[in-house]
Amino acid sequence: MDPPKPSSSPDWSNAFTFEPSATPATKEKPAQPTAVHRSRYKRNSISKNAEEARLKRIELDAEVRRKHREQLITAKRFKHQSETLITDEEESEFDLTQNDITKLQSNLESHTRDVRLQALKDLSKYLVDPPETLKQFVIGGDCVKILIRFLTGTDPEEQLQATSCITNIAAGPKNICEAALQTVPYLISFLDVDNLALQNQATWAIGNIAAEGSEYRDLLRANGVLIPLVRLLDSKDVNLIQTVCFALSNLARGPDPKLEEFFKIETDKVLLRHLENDEMSEVVSEIFWVLAYLTSDSDAYTSRLLSGGLVPLLVKHMRPLLPHGPLALPLIRTLGNVAGGPDENADELIKQEEFLKLMIEYVQSECRAVKKESLWVMSNITAARRSEVLAKVISVGFIPILSTIATHTNFDIRKEAAYGLLNIASHGEEYLQSLPHKDLLPGFLEFIRSQDTDLIRLGLTYFHLLITQVPSSRQLLESLNSIDAVESVTLSEDQDLKMNASRLMDLYFGENFVEMEGMDEASGANVEGDVNGQLPEKYAESKNDTTNQEIISRYFDFGKALKELRKELKKTHNSDASSALLNLELRTQIPGNFNF
C-alpha cells in the first residue's frame, strides 16, 4: 500500500514558512532519552507568607538547577549513533570534498535503484557528523529537494532511507534542522501508513524537530501532529511506543508547552494505561519522560494525573527501574514534580507503604544522577508543611542517611542532602534539635569555606539556625573555630553573602539589631506611637540624643512595618528564630554603606 501524499488542504507550504534568521542560530541545550524536564522546587526562605515563600523558591531554584539537568543527555537522536561502531582504523569524522558531494548527488539521482539506496544510506551516515561541504549541500543545495522526491515516491525502502536522512538532518544544529521543516507534511502523513518501520522513523524525525525550539513545536502541533502520534500508542510494537513517547516528551517541552492539547485528547489516560500493563524498563522509562513534562507545568494537570491513579503506578515501577540507573531518572523527575506541588501531594506519596523505603535505596544509589535527583525529591518531601509527613520521614531513618551524604560525598551531592536537612530543621526547634550537629557542623563549615555561592548560603543558613535556636551549640561552634569561617565570607565580592556573614557575626557576638518584641517587653514602650505618629521621646533619646524628631518619625513608619513582618514570621517560627530572621531580612533591605 502506497503511503498517502499530502493533500492540498491544509496548505502546508504556508504553514511551514520560516524567515531566515538574521543572526547566528542558537540551539537549545540538547537533552537525550533521559531528557530534561522542567523541574519545580520547593524550598524554605524568609518571606512574608508561606505561598510567597513557595513561589520564591520555585523561581530562584528552578532556572539554575534546570540548566544543570539539561546537560544529562541529548534530546535529539541520530539514526546511526548507536548502530555505527567506529574502530581505531576508521575516522570519526567524514572529510568529504566538493567532488565527493557531487558524486553523492549523482548517485542519489541514479536510474539504478541499488545505487540510489546505497547513496541514501551513505548520506544518512554522513549526516551524523557532517563536514562543511555536506552542511552546505543540505542548507543551500538540492539535498532536501532530492529527499522529498523519495518521500513522494512509491518505493517503501527508498521512503524509509530518505526519512532516516531527514531524521539526522533534524538532529543537527538549528540552521540545518530548519531545512527539514519542508518535509514535515510528509512525515505526518507517514504516521498513518501501514508500514511499521516507516511510522517509527517518521516519528523519530518529528521528535528531533520538536526538540529544536518552541516555534518548531508550535508548528507541529498547529498542523495536527498530536492526534496521529497519540493514536500510535495503541500499537503493540514496543519500539514504536518508545519512539512515540520520545516525540511526545519533546513536544511537551518549553516555557509554553500548551499541555491542554495533550489532556484534551486524553493522552494522560493512554499513558497511565500503559503503566498499568507494560513491564519493559525501556518503554516505562520513555512513558515517564512524557509524564515528567506533563507534571511540570501546572498543579491542575498534575492533580488530574493523581486522580487517574498516577501515584500507585509511580511506586509500582520504582523497584523494577532502580537497578537500571539512568532509566529511572524520568520516574524520579515525575516524583519530584508531584512532591513539589501542594503539600497534599506529599501526603499521597507517603501513604504508599513502600515509597519512603524505596527512596532510602534511591538516595543511596550507585548511579550519581539517580542519587542526586532522588535527594531533590526528598528535599521537596521534607519541605511539605505536614507533621505526619515529617514524622514518617524521620521514622524510617532518613536523618542519619542524609547527614552522612551531606558530609561525605562530592559537594553537588552534599548540597542536595543539605537542602533536605535544612527543610527538616525549619519545621521547628524539636526537629532542629534532632539533627546530629556534631557530625554536621564540620561539613557545613566546609560549605562556608568553599567558593560556591549556593554552598556558602547553605552553610550560613545552618550557622544561623544554630546560634539562634540551639543555645547549647555555642561550645561546639567555638571548638571548631566556626566564626573564622563566617568571617572569611565578609571578604567575599558577593555583596549579599558579605552582608549576611556580617550580620551573623553581629548575632554571634551579641550585637543584634533592635528587636521590636524585646523592646516592647523590656521598656513597656508603645511601638505603635502616639496619635501624632511620634515614637516616645524616651526611645528617641536612647537611640541618639542628637537625632532630630523628623528622622524619629520616619523610624516610626519603619518600625510599624517591621512589626507586621515579625507577626508573619511568628506564624511559622518561634520567637528567637523570628527575631533572627527579621534581622537578616531587614539588613538585606538596607544599603551596604549604612552603619548602625
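The rules behind the values
- Residues numbered from 1 in each chain as written.
- Predicted model: local features only at pLDDT ≥ 70, side-chain atom pairs only at ≥ 80, totals over all residues.
- Heavy atoms only, no water.
- Phe/Tyr/Trp six-rings, centres within 6.5 Å; stacked < 30°, edge-to-face > 60°.
- Helix = DSSP H or I, 4+ residues; strand = E, 2+ residues; numbered from the N terminus.
- Buried < 20%, exposed > 50% of the residue type's maximum accessible area, 1.4 Å probe, protein only.
- Polar contact = N/O pair within 3.5 Å; in protein donor to acceptor, adjacent residues only side chain to side chain.
- Contact = heavy atoms within 4.5 Å.
- UniProt positions renumbered as here; feature names shortened; annotations may be inferred.
- Axes fitted to C-alpha atoms, helices over the stretch in contact; angles between N-to-C directions.
- Left-handed = near helix turned anticlockwise from the far one by under 90°.
- Nonpolar A, V, L, I, M, F, W, Y, C, P; charged D, E, K, R; others polar.
- Core = buried A, V, L, I, M, F, W, Y, C linked by side-chain atoms within 4.5 Å.
- pLDDT = per-residue confidence, 0-100.
- Parallel < 35°, antiparallel > 145°, perpendicular 65-115°, else oblique.
- Arc of directions from axis to C-beta.

The name given to the chain in an unreviewed UniProt entry is Importin subunit alpha, with Paraglomus brasilianum as the source organism.

> Now, about the packing of aromatic side chains: what can you tell me, with residues and values included?
One pass over the full model with this rule turns up seven aromatic pairs. Here Phe444 and Phe447 contribute two aromatic rings whose centre-to-centre distance is 5.3 Å and whose plane-to-plane angle is 70 degrees, an arrangement assigned as edge-to-face. A residue pair is termed a helical-turn pair when its members lie 3 or 4 positions apart in one helix, as Phe444 and Phe447 do in helix α27 (residues 437-449) at three residues. Judged by its relative accessible area of 2%, Phe444 falls in the buried class. Note on Phe447: relative accessible area 0%, which makes it buried. Summarising the aromatic geometry, the rings of Phe463 and Tyr508 are spaced 6.0 Å apart at their centres and angled 35 degrees between planes, so their arrangement reads as tilted. Within this pair, whereas Phe463 is found in helix α28 (residues 453-469), its partner Tyr508 is found in helix α31 (residues 495-508), the two being separated by 45 residues in sequence.

> Which residues make up the side chain of Ser365, and what are the values?
Locating Ser365 in the fold gives a position in the loop between α21 (355-363) and α22 (368-383). You can call Ser365 buried: its relative accessible area is 11%. In terms of polar contacts, Ser365 uses its side chain to reach the backbone amide nitrogen of Cys367, at 3.0 Å. If we ignore the near neighbours within four places in the chain, the residues touching Ser365 are Val370 and Lys371.

> Residue-level account of the side chain of Asp155, with values.
Within the secondary structure, Asp155 is located in the loop between α6 (143-151) and α7 (156-170). Using a relative accessible area of 17% as the deciding quantity, one classes Asp155 as buried.

> A description of the UniProt feature "repeat: ARM" (unreviewed entry) in the chain should follow, citing residues and the corresponding values.
Within this numbering scheme, the UniProt entry marks residues 224-252 as carrying the feature "repeat: ARM" (unreviewed entry). For residues 224-252, helix accounts for 69% and strand for 0%, while the C-alpha atoms at its two ends are 14 Å apart.

> Which residues make up the environment of Gln105, and what are the values?
You can see Gln105 is positioned in helix α3 (residues 98-108). As for Gln105 and Asp142, which are separated by 37 residues in sequence, their C-alpha atoms are 8.3 Å apart. Excluding anything up to four places from it in sequence, Gln105 contacts Phe137, Asp142 and Ile146.

> I'd like a description of unusual backbone geometry, backed by residues and values.
For Lys258, which is not glycine, the phi torsion reads 55 degrees and is therefore positive. Here Lys258 lies in the loop between α13 (238-251) and α14 (259-264). Its identity is not glycine, yet Asn481 carries a phi of approximately 50 degrees, on the positive side. Here Asn481 lies in the loop between α29 (474-479) and α30 (482-489). Note on Asn481: relative accessible area 46%, which makes it partly exposed.

> Any details on the packing of helix α18 (residues 310-321) against α21? Residues and values, ideally.
Their axes nearest at 10 Å, the elements α18 and α21 cross at an angle of 35 degrees. When you trace α18 past α21, the crossing you get is left-handed. Note on element contacts: α21 touches α18 through Phe355, Leu358, Met359, Glu361 and Tyr362, opposite Val315, His317, Met318, Arg319 and Leu321. By residue class, the composition of the contact of α18 with α21 is seven nonpolar, one polar and two charged.

> An account of the nonpolar core is requested, with residue identities and associated values reported.
Membership of the largest hydrophobic core comes to 159 residues, with the highest contact counts inside it found for Ile169, Ile209, Phe355, Met359, Tyr362 and Ile381. Among the elements that line this core, the one with the most residues is helix α16 (residues 281-294), at 10 residues. The contact partners of Phe355, leaving out residues within four places of it in the chain, are Val315, Met318, Leu335, Leu349, Ile350 and Ile381.

> Which residues make up the confidence of the model for the chain, and what are the values?
Here the chain shows a mean pLDDT of 79. Residues at 70 or above account for 70%. Of the regions scoring below 50 in pLDDT, residues 1-74 engages in 174 contacts with residues more than four places distant in sequence or in other chains.

> Residue-level account of the packing of helix α15 (residues 267-277) against α18, with values.
Two elements in contact, α15 and α18, have axes whose closest approach is 10 Å; the angle formed by their N-to-C orientations is 40 degrees. As judged from the angle between their axes, α15 and α18 are oblique. Of the two possible hands of crossing, α15 and α18 adopt the one that is left-handed. Touching Leu272, Leu275 and Glu276 of α15 are Leu310, Leu313, Lys316 and His317, all from α18. Taken together, the residues of the contact of α15 with α18 break down into four nonpolar, one polar and two charged.

> Just give me the short version of helix α23 (residues 387-395), but keep the residues and values in it.
Inspection of α23 places Val389, Leu390 and Val393 among the buried residues, and these make up the whole buried set. Projected down its long axis, α23 shows its buried positions confined to an angular sector of 95 degrees, all on one face. Taken from the residues just after α23, Gly397 is the one with a positive phi, measuring 100 degrees.

> Tell me about the environment of Leu240, and please be specific about residues and values.
Topologically, Leu240 is positioned in helix α13. For Leu240, a relative accessible area of 1% puts it in the buried group. Linking Leu240 and Gln199, residues 41 residues apart in sequence, is a C-alpha distance of 7.8 Å. Sequence-distant contacts of Leu240, defined by excluding residues within four places in its chain, comprise Leu196, Gln199, Asn200, Thr203, Leu232 and Ser235.

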